[in-house]
Each structure stands twice: as C-alpha cells, then as structure tokens.
Amino acid sequence: MERADFLRKEDQVSVTILGPDNSRLYDKTTKGLHNINSAIQEALEDAHIEIDPEELVFVVDNITTGVSHRYRINAHGNIKLIV
C-alpha cells in the first residue's frame, strides 16, 4: 500500500495557497518532490505570505495522476488533510 503523501519524482504537482477568506494567494507548479509536505513547504517559502500558515488552506493537485486534496497546517506544524 502506498503512503497517501507519497509523490514520485516525475509527478507534476500544483500547489495553490488560499487565504482565510478563501481567496487565491499563490500558485506554484513543480516536479521532483517526494511528498506533499515538501510541496507545501516549497510553495509557502516561495510565496513570502505574511499570514499565519495555520490560517491558510493548501490545495495540492497531482497533475500526473489527477489526484487533488486540501490541507492545513496545525498548531504543531504538521500537514493535515481536510476531509
């Protein structure tokens, strides 16, 4: 069974950062990452957003596989899937 946060190096991944009001703040498309956490962290570092990351929603689309999920960062700095 594959881990849910697993990415293959050849997967093209899009990360969209949404603000507290659900407005689109930043979009990034990349590849060569190993997991969802690294995709979110890379987008967050590149975006230079001054809002607390715990208030943001991260939409991660694996363009290669067609899988898309929404995530938040909790108070401990962990990435959590929004269900």
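An account of the accompanying structure is given in this report. (Residues numbered from 1 in each chain as written. Predicted model: local features only at pLDDT ≥ 70, side-chain atom pairs only at ≥ 80, totals over all residues. Heavy atoms only, no water.)

Focus on the sheet that holds strand 4 (residues 67-73)
Neighbouring strands of a sheet are bound in pairs by backbone hydrogen bonds; such pairs are parallel or else antiparallel.
Turning to step 1, where the next piece is worked out: If you trace the five strands from one edge of the open sheet to the other, you get 2-1-3-4-5, paired in antiparallel fashion. The open sheet has two edge strands, strand 2 (24-31) and strand 5 (79-81), and neither has a second partner. Strand-to-strand, the axes of this sheet are offset by a mean angle of 25°, without reference to chain direction.
Turning to step 2, where the next piece is worked out: Two strands pair when backbone bridges link them, and strand 1 (residues 12-18) and strand 2 are joined in this way by seven bridges, in the antiparallel orientation. The residue of strand 2 that forms the bridge with Thr16 is Asp27. (Pairing = 2+ DSSP bridges. Helix = DSSP H or I, 4+ residues; strand = E, 2+ residues; numbered from the N terminus. Axes fitted to C-alpha atoms, helices over the stretch in contact; angles between N-to-C directions.)

Remarks on the pattern of salt bridges
Two side chains of opposite charge can pair, provided their charged atoms sit close to one another.
Turning to step 1, where the next piece is worked out: Following the criterion strictly, the structure yields five salt bridges and no others.
Turning to step 2, where the next piece is worked out: Arg24 is the salt-bridge partner of Asp27, the closest N and O atoms lying 3.3 Å from each other.
Turning to step 3, where the next piece is worked out: Where Lys28 meets Glu42, a salt bridge forms, and the shortest distance between an N and an O atom there is 3.5 Å. Of the two residues, Lys28 is situated in strand 2 and Glu42 in helix 1 (residues 36-47); the sequence distance between them amounts to 14 residues.
Turning to step 4, where the next piece is worked out: Salt bridges sharing partners connect three or more residues here, namely Arg8, Glu10 and Asp11. (Salt bridge = Lys/Arg side-chain N within 4 Å of Asp/Glu carboxyl O.)

It is worth stressing that arrangement in space is one thing and function is another; only the former is reported here.
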